[in-house]
Amino acid sequence: MKRKIVVMLTVMSLVISVFTMNALAYNTSSKEKVGSVTNSSAKAGTAYGKLNPSGGYGEFQICNASGNTIYARNTYPTYPVNPNETTYPIPAGSTYSFYAHSLNGNQIWGTASFGMR
C-alpha cells in the first residue's frame, strides 16, 4: 500500500512539474534565449512569462521553437515595473521559446520567469 502511494505521488509530481514556472537570468545587448516549453499534453495550454529587470529596458518575446517567429511580446522597463505577464496559446505538441531582447542595443539584465499552464 505504501509503495502505491509513493508511486502515485511521484507520478503526480512529474505531471505538476510540467506546469511549473522557471526563472533564468539574462544579460544581453541584443537577443538572448532564456528558455522554452513543450506542450506534451493532449490539449492546448497557455505559454506565459515576463522579465524581472535589474537594469535596462527590454522586451520579453514568446516565439516558435527556432525563435524566428514572434507570437507575443511585451516591454519591461526597470522602472516603473511592468507586472503583467506576456501570454500566448500553445497547441498540444508545440514547443515555444522565450527571449529577452534589448530594444535599443543597450545592456539589459535581470531574471526571466516563464512557463505553461
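In this text, all values refer to a predicted model and were calculated from it rather than measured experimentally.

**Some thoughts on the environment of G49**
Part 1: By the element assignment, G49 lies in strand β3 (residues 45-55).
Part 2: Taking relative accessible area as the criterion, G49 reaches 1% and is therefore assigned buried.
Part 3: Residues G49 and R73, 24 residues apart in the sequence, show an inter-C-alpha distance of 9.8 Å.
Part 4: Each residue touching G49, except ones within four places of it in the same chain, is listed here: F60, Y76, E85, T86, S113 and F114.

**Considerations on the pairing of strand β5 (residues 70-77)**
Part 1: Summarising the sheet, strand β4 (residues 57-64) and β5 pair through 7 bridges and their orientation is antiparallel. Following the sheet pairing, Q61 is matched in β5 by R73.
Part 2: Linking β4 to β5, which pair antiparallel, is a turn of 5 residues; within it G67 sits at a positive phi near 85°.

**Remarks on the confidence of the model for the chain**
Part 1: Chain-level statistics for the chain give a pLDDT mean of 87 and a share of 80% at 70 or above.
Part 2: At the low end of the mean pLDDT range in the chain sits helix α1 (residues 2-18), at 55; at the high end sits strand β6 (residues 86-90), at 97.

**Looking at unusual backbone geometry**
Part 1: Of the consecutive residues Y79 and P80, the connecting peptide bond is found in the cis state with omega at -5°.
Part 2: Its place among the elements puts P80 in the loop between β5 and β6.

Parameters at a glance
Residues numbered from 1 in each chain as written. Predicted model: local features only at pLDDT ≥ 70, side-chain atom pairs only at ≥ 80, totals over all residues. Heavy atoms only, no water. Helix = DSSP H or I, 4+ residues; strand = E, 2+ residues; numbered from the N terminus. Buried < 20%, exposed > 50% of the residue type's maximum accessible area, 1.4 Å probe, protein only. Contact = heavy atoms within 4.5 Å. Pairing = 2+ DSSP bridges. pLDDT = per-residue confidence, 0-100.

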